[in-house]
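Fold and geometry: a report
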Amino acid sequence: QEQLVQSGTEVKKPGSSVKVSCKASGATFRTYAISWVRQAPGQGLEWMGGTIPDSGTTTYALKFRGRVTITADKSTSTAYMELRSLRSEDTAVYYCARESAGDYFDHWGQGTLVTVLS
Amino acid sequence: QSVLTQPPSASGTPGQRITISCSGSRSNIEGNPISWYQQLPGTAPKLLIYSNNQRPFGVPDRFSGSKSGTSASLAISGLQSEDEADYYCAAWDDSLSGWEFGGGTKVAVL
């Protein structure tokens with residue numbers, strides 16, 4: 001059974017960067033796309049972008065292009081999301097999620113709280 | 001503002017049937033499969049329905065999905081107190097080349 005385990009809570013200052021990791025336990029990491037979805041306090045889900053580890057193909061939501069980088073390390077079955085130039089509005093829980101058949105997200109990480117505080 | 005539109009809330013009494021709508025466009029709902037997610041307070045979203053109307057193993061058959069044109073619906077029949085959660089629809093958007101989520105619907109069991 002696939003499991004996605006994310007890194008822990010982060011507290012950052014405005015203008016800094018954060019890098020969140022997502023380690024997959026299953027044997028299929030390379031061929032499934034991994035997406036990053038965030039949820040601000042009391043708000044809905046927002047897709048940030050995703051990557052297919054095997055091909056390196058990466059897609060970003062327009063809103064985050066230029067400020068986010070999503071990568072994957074096949075040797076450790078770990079995906080990463082780095083968000084730069086942090087501002088208070090980036091305070092949110094960040095989730096990684098596995099895309100199945102390109103049609104839906106069947107496995108989710110537990111979430112990582114990132115707080116941007118001056 | 002979400003590209004996919006959901007009502008912010010829905011409610012019902014135990015045993016009732018409720019439906020949640022998700023309205024979109026040709027570039028998302030009409031052209032691509034829709035999925036639904038349940039998010040209990042303080043937890044990660046969980047896949048509830050995929051490919052418009054398919055239930056993953058372990059999801060009760062009280063939950064059902066449908067799609068017609070640019071709209072989709074999630075129905076919950078035999079409403080139970082444990083169904084109190086936020087529900088989100090999602091679909092790939094061909095125009096935006098990205099995933100879109102609905103704004104979410106909070107379900108209350110009265």
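A quick note: this is a predicted structure, and the numbers were derived from the prediction, not measured. (Residues numbered from 1 in each chain as written. Chains lettered and ligands numbered in written order. Predicted model: local features only at pLDDT ≥ 70, side-chain atom pairs only at ≥ 80, totals over all residues. Heavy atoms only, no water.)

**Re the overall build of chain A**
Of the regular secondary structure elements, chain A holds zero helices and eleven strands. Going residue by residue from the N terminus, the α and β elements of chain A occur as β-β-β-β-β-β-β-β-β-β-β. Here the C-alpha radius of gyration of chain A, 13 Å, is about what a compact globule of 118 residues would show, namely 13 Å. With the C-alpha coordinates of chain A rotated into their principal frame, the extents come out at 40 × 25 × 25 Å. In chain A, which comprises 118 residues, the proportion classed as buried is 46%. Once local pairs closer than 6 in sequence are excluded, the contacts in chain A between residues at least 24 apart make up 52%. (Helix = DSSP H or I, 4+ residues; strand = E, 2+ residues; numbered from the N terminus. Rg over C-alpha atoms; globule rule 2.2 N^0.38 Å. Buried < 20%, exposed > 50% of the residue type's maximum accessible area, 1.4 Å probe, protein only. Contact = heavy atoms within 4.5 Å.)

**Quick word on the overall build of chain B**
Counting its regular elements, chain B contains one helix and nine strands. Reading chain B from its N terminus to its C terminus gives the helix and strand order β-β-α-β-β-β-β-β-β-β. Against the compact-globule benchmark of 13 Å for 110 residues, chain B has a radius of gyration of 13 Å, which places it among compact chains. Reported as C-alpha extents along the three principal axes, the dimensions of chain B are approximately 40 × 25 × 25 Å.

**Describing the interface of chain A and chain B**
Each side of the interface is counted separately: chain A has 19 residues, and chain B has 17 residues. Buried area between chain A and chain B, both sides added, is near 1500 Å², and the carbon and sulfur share of it is 65%. Ranking the residues of chain A by area buried against chain B places Leu45, Asp103 and Tyr104 of chain A at the top, with a combined share of 37%. Summed over the shared surface of chain A and chain B, the result is zero salt bridges. Applying the counting criterion to the chain A and chain B interface returns six residue pairs in polar contact (both at pLDDT 80 or more). (Buried area = accessible area lost by both parts, 1.4 Å probe. Salt bridge = Lys/Arg side-chain N within 4 Å of Asp/Glu carboxyl O. Polar contact = N/O pair within 3.5 Å; in protein donor to acceptor, adjacent residues only side chain to side chain.)

**Concerning the sheet that holds strand E7 (residues 68–73) of chain A**
Residues and elements named next belong to chain A. Spatially, four strands are ordered E1-E3-E8-E7 in an open sheet, and the strand pairing comes out antiparallel. Two strands in the sheet have a free side with no partner beyond their single neighbour: strand E1 (4–6) and E7. Mean inter-strand twist for the sheet, computed between neighbouring axes without regard to direction, equals 20°. (Pairing = 2+ DSSP bridges. Axes fitted to C-alpha atoms, helices over the stretch in contact; angles between N-to-C directions.)

**Some thoughts on the state of the cysteines**
Defined simply, a disulfide is a covalent bond joining two cysteines at their sulfur atoms. Summed over all chains, the structure comprises two disulfides over all chains. Note on cysteine connectivity: Cys22 of chain A is disulfide-linked to Cys96 of chain A, with sulfurs 2.0 Å apart. A torsion of 75° about the S-S bond marks the disulfide between Cys22 of chain A and Cys96 of chain A as right-handed. Here Cys22 of chain A is found in strand E3 (residues 18–24), whereas its partner Cys96 of chain A is found in strand E9 (residues 92–100), with 74 residues between them in sequence. With respect to class, Cys22 of chain A is no different from Cys96 of chain A; both count as buried. The residue that forms a disulfide with Cys22 of chain B is Cys89 of chain B, at a sulfur-sulfur distance of 2.1 Å. Disulfide Cys22 of chain B-Cys89 of chain B: torsion about the S-S bond near 75°, hence right-handed. (Disulfide = S-S within 2.5 Å.)

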